[in-house]
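Descriptive structure summary
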Amino acid sequence: MRVIFSEDHKLRNARSELYGGELVPPFEAPFRAEWILAAVKDAGFTDIAAPERHGLETAHKVHDAGYLSFLQTAWDQWKAAGYNGEAIATSFPVRRTSPRIPTQIDGLLGYYCNASETAISPGTWEAALSSMQTALTAADIVVGGAKSAFALCRPPGHHAGIDSFGGYCFINNAAVAAQRFLDKGAKKVAILDVDFHHGNGTQDIFYERDDVYFASLHGDPAEAFPHFLGYAEETGKGAGAGTTQNYPMPPGTPYSVWEAALKDSLKRIEAFGAEVIVLSLGVDTFEQDPISFFKLTSPDYITMGKAVAASGVPVLVCMEGGYGVPQIGLNVANTLRGIAG
């Protein structure tokens, strides 16, 4: 399995995150990718390459143009406004407020933000762009005939919606990859999101489309971030009716329960007729993850990888979450072992 990885991920190195009412060092930091890369190499996945350069053509098919323009210029606008800290949204459009888009950077941040724990810092855009390019390059490897590939994306992407950032995500790498498969001739693509947190951005992008099936296994949004999407009754709308399936699960969920949801999602993906699976891989389902509440163990990720590979269709793995403990590297490597057989 080929691994695509960009050193440009290091350009995203925010100093602060809002957590528990305090500004703390971010859980999503450069060391995550370094831990994962080292473990993947140790597991024998040594065919590692940098991403090809790609523009925003594919991203424009899943994201709002104004939003992408905002991301490109947000840091420069923040500095031009005279602020010294990192760009954190403080004012938001909520129920019964105006739909107009502000022009000043504070207003723009609030308009395009879905979670204010995520600051915009120097290098954020450049790192997000390289993460997207990592996913696109890995997708092209699968288009070229490979049965699997791993996009070691950082920053992650699945909380980035049509026109919103948050949850450490700016460009939705899995969504861009799925669109790439469609542009290259696939008729039906599945995104299987196994991150602990619901892929609210991915659901937002594909909720009314019938060419991408989205399944997400995650902590119950009544009790876990991102809170406002991911309930079981959300199954798609319009042309996309029936193409979304959510599996919210309670605190303490063990692998046996989680696996039942995985098996059901894979059956639905097969019935949909997906020609390729984009696996949004978060290993924050791990029992020791500091900001989650599932109880998966390291061997469980091998089993999960095998189950996904048994679908018989090509698999593109896009890295999402997993925090705070070195075992995130082992758990990613175990997933790849399972997929690669």
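Residues numbered from 1 in each chain as written. Predicted model: local features only at pLDDT ≥ 70, side-chain atom pairs only at ≥ 80, totals over all residues. Heavy atoms only, no water.

Moving on: the packing of helix α4 (residues 124-143) against helix α5 (residues 173-183). Between two packed helices, what matters for the description is the angle formed by their axes and the separation of those axes. Direction vectors running N to C along α4 and α5 enclose 35°, while the axes themselves pass 9 Å from each other. Handedness of the crossing formed by α4 with α5: right-handed. Together, S131, M132, A135, L136, A139, D140, V142 and V143 of α4 and N173, V176, A177, R180 and F181 of α5 make up the contact between the two elements. A per-class count over the contact of α4 with α5 returns 9 nonpolar, 2 polar and 2 charged. (Axes fitted to C-alpha atoms, helices over the stretch in contact; angles between N-to-C directions. Helix = DSSP H or I, 4+ residues; strand = E, 2+ residues; numbered from the N terminus. Left-handed = near helix turned anticlockwise from the far one by under 90°. Contact = heavy atoms within 4.5 Å. Nonpolar A, V, L, I, M, F, W, Y, C, P; charged D, E, K, R; others polar.)

The next thing to look at is α4. The end-to-end C-alpha separation of α4 is 29 Å, in line with the 28 Å expected for 20 residues at 1.5 Å each. In terms of burial, α4 is a largely internal element, 16 of the 20 residues being buried. Positioned one or two residues after α4, G145 has a phi angle of 120°, which is positive. (Expected span 1.5 Å × (residues − 1). Buried < 20%, exposed > 50% of the residue type's maximum accessible area, 1.4 Å probe, protein only.)

All chains considered together, the criterion is met by 9 salt bridges. A salt bridge links K10 to E7, with the nearest nitrogen and oxygen atoms 3.0 Å apart. Take K10: its relative accessible area is 43%, and that puts it in the partly exposed class. Its salt-bridge partner being R154, residue E28 comes within 2.6 Å of it at the nearest N-O pair. Of this pair, E28 sits in the loop between β3 (22-24) and α1 (30-42) while R154 is found in the loop between β5 (148-151) and α5, placing the two residues 126 residues apart along the sequence. Exposure class is identical for E28 and R154. Each is buried. Via salt bridges that share partners, E28, R32 and R154 belong to a single interconnected network. (Salt bridge = Lys/Arg side-chain N within 4 Å of Asp/Glu carboxyl O.)

Next up on the list: the sheet that holds strand β8 (residues 244-249). The 8 strands lie next to each other as β4-β1-β5-β10-β9-β6-β7-β8, forming an open sheet whose pairing is parallel. Every interior strand has two partners, whereas the edge strands, β4 (48-49) and β8, have only one. Sheet contacts for helix α7 (residues 255-272): β6 (189-193), β7 (212-219), β8 and β9 (277-281); angle to β7, the most-contacted strand, approximately 175°. (Pairing = 2+ DSSP bridges.)

It is worth spelling out unusual backbone geometry at this point. Cis rather than trans, the peptide bond between R154 and P155 has omega equal to 0°. Among the secondary structure elements, P155 is positioned in the loop between β5 and α5. You will see that Y168, though not glycine, has its phi angle at about 75°, which is positive. Inspection of the secondary structure puts Y168 in the loop between β5 and α5. By relative accessible area, Y168 is classed as buried at 7%. Even without being glycine, H227 reaches a positive phi, approximately 75°.

Here the focus is the environment of I36. With respect to the helices and strands, I36 occurs in helix α1. Residue classification places I36 among the buried positions, given a relative accessible area of 1%. Sequence separation between I36 and L152 is 116 residues, and the spatial gap between their C-alpha atoms is 8.2 Å. Excluding residues that lie within four positions of it along the chain, I36 makes contacts with F150, L152, M319, I328, G329 and V332.

With that settled, consider the UniProt feature "domain: Histone deacetylase" (unreviewed entry) in the protein. Those places that UniProt annotates as "domain: Histone deacetylase" (unreviewed entry) correspond, in this numbering, to residues 28-337. Summarising residues 28-337: 37% helix, 11% strand, and an end-to-end C-alpha distance of 24 Å. (UniProt positions renumbered as here; feature names shortened; annotations may be inferred.)

The next point concerns the pairing of strand β10 (residues 315-319). Counting buried residues along β10, 5 of its 5 residues qualify, which places the element largely inside the surrounding structure. Burial of the side chains of β10 extends over both faces: V315, V317 and M319 are buried on one face and L316 and C318 on the other. Across 4 bridges, the pairing between β5 and β10 is parallel. Paired with S148 across the two strands is V315, which belongs to β10. By the bridge criterion, 5 bridges tie β9 to β10 in an arrangement that is parallel. Directly across from V278, in β10, lies its bridge partner L316. Handedness of the crossover is the feature at issue here: the chain leaves β9, passes through helix α8 (residues 298-309), returns alongside β10, and the resulting connection is right-handed. (Right-handed = clockwise from strand over helix to strand, strands pointing away.)

Ranked by internal contacts, the top residues of the largest apolar core, which has 55 residues, are F70, L109, I120, F165, F181, V189 and L316. It is α4 that provides the largest number of residues to this core, a total of 9 residues. Those residues in contact with F165 that lie beyond four places of it in its chain are Y67, F70, L109, Y112, C113, N114, A115, T118, I120 and F170. (Core = buried A, V, L, I, M, F, W, Y, C linked by side-chain atoms within 4.5 Å.)

Running from N to C, helix α2 (residues 65-80) and helix α3 (residues 105-112) cross one another at 140°; their axes reach a closest spacing of 10 Å. Comparing their axes, α3 and α2 come out oblique. Crossing hand, α2 versus α3: left-handed. Two secondary-structure elements touch here, α2 through G66, Y67, F70, A74, Q77 and W78 and α3 through I105, D106, L108, L109 and Y112. Considered class by class, the residues forming the contact of α2 with α3 number 8 nonpolar, 2 polar and 1 charged. (Parallel < 35°, antiparallel > 145°, perpendicular 65-115°, else oblique.)

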